[in-house]
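Understanding the architecture of this molecule
Given next are the chains, with one letter for each unit.
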Amino acid sequence: MLGKRSLLVGSICLSACTPTPRAVGPIPPVEVQILAINDFHGNLETPPDPVKVGRPDGSAMTARLGGAAQLASALAKAREGHAYTITVAAGDLIGASPLTSAYFLDEPTIDAMNLLGLSVASVGNHEFDKGSAELLRMQSGGCGKNTTRVPCRLEPFAGARFQYLAANVLRADGSTLLPATAIRQIGPIHIGFIGETLRDTAIVVTPAGVAGLHFADEAATANALVPKLKAEGADAIVLLLHQGGRLPETYVEEGCSGLSGDILPILDKLDPAITMVISGHTHEAYACELQRGGAARWLTSAGKYGYLYTDLRLEFDPTTHKQTAERAVNVPVTGELGADANVAALVHRYADAVQPAAERIVGRLAGVAAKGPGDQESPVADLIADAQLAATRPQNRGGAELAFINTGGARTALEPAADGSVTYERIFALEPFGNDLVVKTLTGTQLKALLEQQFKLVNGVAKLNDSILVPSANFHFDYDLKRPMGEHIVAMTVDGKPVQPAGRFRVTVNSFLSSGGDGYSVLTEGTDPFDAGIDLDALEAWLGTNPAVPAVGRITDSTPR
Ligand SMILES: [Zn+2]
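Residues numbered from 1 in each chain as written. Predicted model: local features only at pLDDT ≥ 70, side-chain atom pairs only at ≥ 80, totals over all residues. Heavy atoms only, no water.

1. A word on the overall build of the chain
To keep things clear, this is the line we draw: Secondary structure elements follow DSSP: runs of H or I of four or more residues count as helices, runs of E of two or more count as strands, with numbering from the N terminus. With C-alpha atoms as the basis for the radius of gyration, the globule rule is written as 2.2 Å multiplied by the number of residues raised to the power 0.38. Exposure categories follow from relative accessible area, calculated using a 1.4 Å probe and restricted to protein chains: below 20% of the type maximum is buried, above 50% is exposed, and the middle band is partly exposed.
When you go through the chain residue by residue, the secondary structure sums to 13 helices and 30 strands. Expected size for 561 residues packed as a compact globule is a radius of gyration near 24 Å; at 26 Å, the chain falls within 12% of this value. Dimensions of the chain, computed from the C-alpha atoms along their principal axes, are close to 95 × 50 × 50 Å. Per-residue burial for the chain yields a buried fraction of 54% across its 561 residues.

2. Structural notes on the coordination of the zinc ion
Here is the rule we go by: Any N, O or S atom lying within 2.8 Å of the metal counts as a donor, with the limit raised to 3.2 Å for Na, K and Ca; because water is left out of the atom set, some sites can appear incomplete. Sites are called tetrahedral only when four donors show all angles between 85 and 135 degrees, square planar or octahedral only when four or six donors show opposite pairs over 155 degrees and all other angles between 65 and 115, and irregular in any remaining case.
For the zinc ion, the protein coordination sphere consists of Asp92 (OD), Asn125 (OD1), His242 (NE2) and His281 (ND1), at 2.1 to 2.3 Å. Metal-centred angles of 85 to 168° between the four donor atoms at the zinc ion mark the site as irregular. Look at His281 and you get partly exposed, because its relative accessible area is 21%.

3. What about the sheet that holds strand β28 (residues 504-510)?
What counts, and what does not: Each pair of strands is called paired provided DSSP finds at least two bridges between the two strands. Helix axes are fitted to C-alpha atoms over the stretch in contact, other axes to C-alpha atoms as well, and angles between N-to-C directions run from 0 to 180 degrees. Any two residues whose heavy atoms approach within 4.5 Å are treated as being in contact.
Overall, mixed pairing links the five strands, which are arranged β24-β19-β28-β21-β29 in an open sheet. The two strands at the open ends of the sheet, each matched to only one other strand, are β24 (469-471) and β29 (527-534). Strand-to-strand twist in this sheet, taken as the mean axis angle between neighbours without regard to direction, amounts to 30°. Alignment of strand β19 (residues 402-406) against β28, held across two bridges, turns out to be parallel. Each bridged residue has a counterpart across the sheet, and for Ala403 the counterpart in β28 is Thr508. Where helix α9 (residues 379-392) meets the sheet, it contacts β19, β21 (436-443), β24, β28 and β29, and its direction lies at approximately 140° from that of β19. Running at roughly 65° to β29, helix α13 (residues 535-545) makes contact with β21 and β29 of the sheet.

4. Re the sheet that holds strand β9 (residues 181-186)
Taken together, the six strands give an open sheet; going across it, the order is β9-β10-β12-β13-β15-β14, and neighbouring strands pair in mixed fashion. At either margin of the open sheet sits one strand with a lone partner, and together these are β9 and β14 (285-292). Direction aside, neighbouring strands of the sheet carry axes that sit 20° apart on average. Direction of pairing for strand β10 (residues 189-197) relative to strand β12 (residues 236-242): parallel, over a ladder of seven bridges. Bridged to Phe193 within β12 is Val238.

5. Here we look at the side chain of Asp92
What counts here: When charges are counted, neither His nor the chain ends are considered; positive counts come from Lys and Arg and negative counts from Asp and Glu. Basic side-chain nitrogens of Lys or Arg form a salt bridge, by our definition, when they fall within 4 Å of a carboxyl oxygen of Asp or Glu. A 3.5 Å cut-off defines polar contacts: any pair of N or O atoms within that distance qualifies, except that in protein one atom must be a possible hydrogen donor and the other a possible acceptor, and neighbouring residues in sequence count only when both atoms are side-chain atoms.
Considering the arrangement of structural elements, one finds Asp92 in the loop between β5 (85-89) and α2 (99-102). One buried charged side chain, Asp92, makes no salt bridge at all; its nearest oppositely charged neighbour is Arg411, positioned 8.0 Å away. Within the local environment of Asp92, its side chain forms a polar contact with the side chain of His242, the two groups lying 3.0 Å apart.

6. Structural notes on the packing of aromatic side chains
Here is the rule we go by: Geometry of aromatic contacts follows a simple scheme: Phe, Tyr and Trp rings, the Trp one being its six-membered ring, pair when their centres are within 6.5 Å, and the pair is stacked under 30 degrees between planes, edge-to-face over 60, tilted otherwise.
Applying the stated rule across the entire model yields eight aromatic pairs. A centroid spacing of 5.4 Å and a plane angle of 85° characterise the contact between Tyr103 and Phe104, whose relative ring orientation is edge-to-face. Look at Tyr103 and you get buried, because its relative accessible area is 14%. Residue classification places Phe104 among the buried residues on the basis of a relative accessible area of 2%.

7. Quick notes on the pattern of salt bridges
Following the criterion strictly, the structure yields 19 salt bridges and no others. Among the salt bridges present, the one from Glu107 reaches Arg137, with a minimum N-O distance of 3.0 Å. In this pair, Glu107 is assigned in helix α3 (residues 107-115) and Arg137 in helix α4 (residues 131-140), connecting sequence segments 30 residues apart. Classification of Glu107 as buried rests on a relative accessible area of 1%. What makes Arg137 buried here is its relative accessible area of 5%. If you follow the salt bridges from partner to partner, you end up with Glu31, Asp311, Arg313, Glu315 and Arg327 in one network.

8. Re the state of the cysteines
Put simply, the rule reads: We call a pair of cysteine sulfur atoms a disulfide when they lie within 2.5 Å.
If you walk through the whole model with that rule in mind, you get two disulfides. The disulfide that involves Cys143 links it to Cys152, with 1.9 Å between the sulfurs. Linking Cys143 and Cys152, the disulfide has an S-S dihedral of approximately -95° and is accordingly described as left-handed. Judged by its relative accessible area of 43%, Cys143 is partly exposed. Among the residues examined, Cys152 registers a relative accessible area of 16% and is labelled buried.

9. Some details on α9
The criterion, for reference: To estimate the expected span of a helix, subtract one from its residue number and multiply by 1.5 Å.
When the terminal C-alpha atoms of α9 are compared, their 20 Å separation across 14 residues agrees well with the 20 Å that a helix rising 1.5 Å per residue should span. Judged by how many residues are buried, α9 sits mostly within the fold: 12 of 14 residues are covered. Those residues of α9 not exposed but buried are Pro379, Val380, Ala381, Asp382, Leu383, Ile384, Ala385, Asp386, Ala387, Gln388, Leu389 and Thr392.

10. Notes on the confidence of the model for the chain
The criterion, for reference: Confidence of the predictor at the level of single residues is captured by pLDDT, which takes values from 0 to 100.
Looking at the chain as a whole, its pLDDT mean stands at 92, while 95% of the residues score no less than 70. Scored below 50 in pLDDT, residues 1-19 makes 24 contacts in the model with residues more than four places away or belonging to other chains.

11. Thoughts on the environment of Leu383
Along the chain, the position of Leu383 falls in helix α9. Residues Leu383 and Ala548, 165 residues apart in the sequence, show an inter-C-alpha distance of 8.8 Å. When neighbours within four sequence positions are excluded, Leu383 is seen to be in contact with Leu365, Ala369, Leu414, Leu539, Trp542, Leu543, Ala548 and Pro550.

12. Notes on α4
What α4 keeps buried is the set Gly131, Glu134, Leu135, Arg137, Met138 and Gln139. Looking at the packing, one finds that the buried side of α4 touches α3 and β7 (163-165). Immediately downstream of α4, the backbone of Gly141 shows phi near 85°, a positive value.

13. A short note on the pairing of strand β3 (residues 51-54)
Pairing of β3 with strand β4 (residues 60-63) involves four bridges; the strand directions are antiparallel. Within β4, the position partnered with Val51 by the bridge is Ala63. Here β3 hands over to β4 after five residues, with Gly58 in that stretch at a positive phi of 95°.

Following this line, the structure appears as structure tokens:
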């Protein structure tokens, strides 16, 4: 499929033009290949779960996909026969990573990206998980300690050889944290890249991670950079944007039928000079030409975790360097093309080094603690809340009386081995963020206001949001969706006693929530904060003595039917 665009090529020649000799036959266009990935999330090893995915020939397959070495091999194969090629990414390369990468602060993932030939990447929201100083270390290298984890644990870290771009990430003085744009000469063609993360990065990332930064409007920021890139000689402008669309059926269908989501209003406003948008964040796979806001352009996204890459082609008139055509297709990384030896060696080195830590048994569990949708209480969220309360109940550990976990903070179910043992790797996958626990005092009035922040209006109908607050076993609340916003909570009890508005309660949450994460701003108003250490330590201590899987029943939907 070739997406043609109409162009005004050349100029009208009147009397003063020198006639140019006619070429014999048409001159073929110059083709530039762009290979793109997004949302790799440190998946150095091939993820265990099979994925159903469409193939470029229109067939579907279900297989294990991805793996950094397999991806490197697939990209190398894709480049064969292409003189003019570049590899780019659209954010979330790091963050929310499996232990093999996360234990080493994602240093091996940056190394893998270097080895597989990445040239330019936009930042995503997860690039900010550990704060801007750590992101700058990912770019520049070094062993500076910006987190509770140990940097350069295995070997020195030289940083990214690719360039991170962050056009809409601004410091207080208005300067960008990282360069806004990059121009890459690919054969005779100059391509200008703009890199951006979603404007809502400040909402979805732990507030401490984005302190002092402002995230500007995606379309307005990109459009303002178009004249600069043109003046610098860009023949085409490509936007690497960590924001995307959603499809009714993930991965299976090529094209964008039924595409919705936050990318569309951005496309409506984009300058037509931006002829290609390589997107991400939603973990969807699509590649299609879209007509939005008076311009036709290609929009792509390659799923997540290195399951797929996008192979994009731009064609240019060899004389004028005007772009004449473009197209794109997603290709699954099946492993059939082998594993790049250098990347495989890197992955093995880190996988081996993490093994003792990963396999350490931290406790026992009587069965699977299941995870539910974000708007529901689940056994695994209950378990975390109970662990957090137990760890912070002693007076010298914060004196907590109840605890909450956001369902977005419980990433997986917790499944013990056949003998009931639970490894560090499992609890790490459940809580990969490295949050601390914070105990704060809230009044009864504040507690109610906090719980009211769980609701949103969708087309005038009240719903629970996607990351609700699950309490420890000694706290219970009832809600009624039919009541007005701000009045949904109809009952709250601590240890069986109704919460009085003037009461004062020591409440434990993770540091993400404590700083207002997931929109729970009431928690920033809590007083007498006490930092009670790392969330995973609390879970480990709990599983060491409490193998029971909690039964749900702490939250009651009392909406009249
Ligand atoms: Zn994202």
